[in-house]
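So the chains spell out like this:
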Amino acid sequence: MNQSTDTLAPLSSAPEAEDGPSRYFVTSFGCQMNVYDGERMGEMLAAQGMQAAASREDADLVILNTCHIREKAVARVYSDIGRLKRDDGSKPMIAVAGCVAQAEGEEIARRAPSVDIVVGPQAYHRLPQLIEQARHNTLAGSKKAAIDTDMPAVTKFAALPVRAKQPRPSAFLTVQEGCDKFCTYCVVPYTRGAEISRPFADLVDEAKALVDGGVKEITLLGQNVNAWTGTDAKGRHQGLEGLIEQLAEMPGLARIRYTTSHPNDMTDGLIAAHRDIAKLMPYLHLPVQSGSDRILKAMNRSHTAASYLAIIDKVRRSRPDIALSGDFIVGFPGETEADFEATLDIVRAANYAQAYSFKYSPRPGTPAADMEDQISPEIMDERLQRLQDLLNTQQQAFNQTTVGERTQVLLERQGRKPGQLVGKSPWLQSVHVMADGARIGDLIDVELVSAGPNSLEGRALTLVNA
Ligand code: SF4
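Residues numbered from 1 in each chain as written. Predicted model: local features only at pLDDT ≥ 70, side-chain atom pairs only at ≥ 80, totals over all residues. Heavy atoms only, no water.

**Topic: the pattern of salt bridges**
Once the charged atoms of two side chains with opposite charge are near each other, the side chains can pair. Within this structure, the stated rule accounts for 40 salt bridges. We note a salt bridge from Asp-37 to Arg-192, for which the minimum N-O separation is 2.8 Å. Of this pair, Asp-37 sits in helix 1 (residues 32-47) while Arg-192 sits in the loop between helix 6 (188-191) and strand 9 (196-197), and the two are 155 residues apart along the sequence. Across the pair, Arg-192 and Asp-37 agree in class, each one buried. Of the charged contacts, one joins Glu-206 and Arg-198 as a salt bridge, the two residues approaching to 2.9 Å between their closest N and O atoms. Judged by relative accessible area, Arg-198 falls into the buried class, the value being 5%. It is possible to trace a salt-bridge network through shared partners that takes in Glu-39, Arg-40, Glu-43, Arg-163, Arg-168, Arg-198 and Glu-206. (Salt bridge = Lys/Arg side-chain N within 4 Å of Asp/Glu carboxyl O. Helix = DSSP H or I, 4+ residues; strand = E, 2+ residues; numbered from the N terminus. Buried < 20%, exposed > 50% of the residue type's maximum accessible area, 1.4 Å probe, protein only.)

**Structural notes on the pairing of strand 17 (residues 406-414)**
Across five bridges, strand 17 lies against strand 20 (residues 443-451) in antiparallel orientation. For Gln-408, the partnering residue across the bridge sits in strand 20 and is Asp-445. Here strand 17 pairs with strand 18 (residues 420-424) via four bridges, running antiparallel. Among the inter-strand pairings, Leu-410 is bridged to a residue of strand 18, identified as Lys-424. (Pairing = 2+ DSSP bridges.)

**Points about the sheet that holds strand 14 (residues 283-285)**
With parallel pairing, three strands are arranged side by side in an open sheet as 14-15-16. Either end of the sheet is taken by a strand with one partner, and the two such strands are strand 14 and strand 16 (354-359). Taking the axes of each pair of neighbouring strands and ignoring which way they run, one obtains an average angle of 10° across the sheet. Pairing of strand 15 (residues 323-330) with strand 16 involves six bridges; the strand directions are parallel. (Axes fitted to C-alpha atoms, helices over the stretch in contact; angles between N-to-C directions.)

**Examining the domain arrangement of the chain**
Examined at the domain level, the chain breaks down into domain 1 (5-148), domain 2 (157-401) and domain 3 (406-464). The C-alpha-based centres of domain 2 and domain 3 are spaced at 25 Å. Counting residues at the interface gives 18 residues for domain 2, matched by 21 residues for domain 3. The three residues of domain 2 that bury the most area against domain 3 are Pro-169, Arg-255 and Asn-399, which together make up 38% of that side's buried surface. Connecting domain 2 to domain 3 are zero salt bridges. In this assembly, domain 2 and domain 3 are joined by eleven residue pairs in polar contact (both at pLDDT 80 or more). In terms of residue count, the dominant contributor to the side of domain 2 that touches domain 3 is helix 13 (residues 377-401) (five residues). Partitioned by chemical class, the residues of the side of domain 2 that touches domain 3 number seven nonpolar, six polar and five charged. (Domains from an automatic or database assignment. Contact = heavy atoms within 4.5 Å. Buried area = accessible area lost by both parts, 1.4 Å probe. Polar contact = N/O pair within 3.5 Å; in protein donor to acceptor, adjacent residues only side chain to side chain. Nonpolar A, V, L, I, M, F, W, Y, C, P; charged D, E, K, R; others polar.)

Quick look at the structure:
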């Protein structure tokens, strides 16, 4: 599967409009769910007989799988479309997919007439038909784009081919989509629709196909993954912990992770799963966004700083060595210095192994974009710097606490040095290991010997392999 989030450079050859494209290239921006969708689009086109191009230069169909979370991401889509034009004036067939496609739809075709296809995240299973439609439009000399931003009742998943053999030992598996929370700064409920949970049996089948294809670690994905519910083969109602328990019985699957969760959907069952299911990795990504109850209310997060910390406390009692991760927004409209101090306080209280932090970015169509008292970029920059300084200190401290630990690392890629491999610890840390004879995909016992700001050095001990 060709996939990269690098910036696109100008191209040099023309597609065969007559026969339709035969070589595709997918670029996914933004979250892991977009990465998953990009992988599924590629697998579907390959199942249609198309080839994965090694680079965009070699492709006659380029799919920009877009993210709508921040203004910069949207602007980038239009500049990337422009750069697809080739020196000889020709261009590949261009498809814009993902959340910008959903949010902007026809507007993309109006602003960028070189775009042939606009397809939303719930409709990409219809790409083969859209490619055919775009081909006909081109042959008919029409500049019209083939557009589909429908949110069909029957989800796309049923129309997608069985998972192909995976290039990496870890893979994503979308179990839940959409969101009903309507945080006032977020576009997801508008671009991905209402919360849906994929059927239990379909998820077990897809996980089995991934493991049969060589995958050792599966990350369950959802905008609100811990809101997932389903009915198992015995007709019992299950929450996410029930699905994890079932997958943990799968031979060959060594590790399970899940992301992204909402504090209000952290059930006691899921918290207990961190204690009881060995294959569930000791890592929890639980966004909070702010430490100020006043701002949390304005964000419509429907939880308080205290209720968030109470959940963290429960999780830590269930799994004391858990690595906690979070998301933060600085500069939300109306945020005072005192509100920001409350954010620093919750960071100190929660003590993160790592976390993501962003400046507030007004998104068209979201309530917060029209709120009074938008914060100046200078104040946002200054606050983001202070927050990241604290988070980096916590990350380094967490990495240091794991030095001396004997743990397992799943090897994922080659390192920079000859004979060096890089993998992930159970706490999702990057670990560099010199491991003669070991290969990508191996699970090895390692002693963590030193910690840097973003990764650790490990001493290889023995090969494990589930
Ligand atoms: S819970 Fe997450 S995905 Fe849902 S609206 Fe809030 S920020 Fe967006």
